[in-house]
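Coordinates in review
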Amino acid sequence: QVHLVQSGGGLVQAGGSLKLSCKASRTILSVFWAIDWDWYRQAPGQQRELVASMTSDGATDYADSVNGRFTISRENTRRTVYLQMNSLKPEDTAVYYCAARGQGWGQGTQVTVSG
């Protein structure tokens with residue numbers, strides 16, 4: 001298991017941007033390199049939705065709802081994964097979770113987009 005600490009959520013107006021961080025603070029670099037990453041979100045009363053993924057070799061994939069607006073990235077030396085969110089819409093409002101696939105979850109962070 002890996003320990004993940006998230007930051008970067010908050011309130012933003014529609015059309016604005018936020019960048020979420022997910023830091024694997026207790027993970028050595030050799031382990032971090034081998035992790036497949038996912039970002040999920042969950043709005044009230046809805047199922048958790050996978051919005052972005054990145055394999056350990058850097059290949060990315062996105063949900064149709066965020067494709068072209070969100071970018072998942074990784075900074076290995078900082079042991080941190082990011083989700084850059086641009087052109088935010090009110091329907092992006094949710095709690096966002098990072099996941100080291102099969103190994104651990106972040107605590108979640110609220111993203112609220114006002115219309």
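Residues numbered from 1 in each chain as written. Predicted model: local features only at pLDDT ≥ 70, side-chain atom pairs only at ≥ 80, totals over all residues. Heavy atoms only, no water.

**Brief notes about the sheet that holds strand β3 (residues 18-23)**
Defined as follows: Two strands are said to pair when DSSP picks up at least two bridges between them. Numbering of helices and strands runs from the N terminus; a helix is a DSSP stretch of H or I covering at least four residues, while a strand is a stretch of E covering at least two. For helices, the fitted line uses only the C-alpha atoms of the stretch in contact; every axis is such a line through C-alpha atoms, and the angle between N-to-C directions lies from 0 to 180 degrees.
The 4 strands lie next to each other as β1-β3-β8-β7, forming an open sheet whose pairing is antiparallel. Bordering the open sheet on either side are β1 (5-7) and β7 (70-75), each of which pairs with just one other strand. Along the sheet, successive strands turn relative to each other by an average axial angle of 15°, direction set aside. With 6 bridges joining them, β3 and strand β8 (residues 80-85) adopt antiparallel strand pairing. What sits directly across from Lys23, in β8, is Thr80.

**A look at the packing of aromatic side chains**
Inclusion rule: Two rings belonging to Phe, Tyr or Trp (six-membered ring only in the last case) form a pair when the distance between their centres is within 6.5 Å. Interplanar angles under 30 degrees mark stacking, angles over 60 mark edge-to-face geometry, and anything in between is tilted. Throughout this description, buried means an accessible area under 20% of the type-specific maximum (1.4 Å probe, protein chains only), exposed means over 50%, and partly exposed covers the range between.
Tallied over the full model, the rule gives 2 aromatic pairs. On the numbers, 5.4 Å between centres and 50° between planes, the contact of Phe32 with Trp37 is tilted. Judged on exposure class, the residue Phe32 and its partner Trp37 are both buried. Between the aromatic rings of Tyr40 and Trp105, the centroid separation amounts to 5.1 Å while the plane-to-plane angle is 45°, which identifies the pairing as tilted.

**Regarding the side chain of Thr27**
When you line up the elements, Thr27 lands in the loop between β3 and α1 (29-32). Judged by its relative accessible area of 7%, Thr27 is buried.

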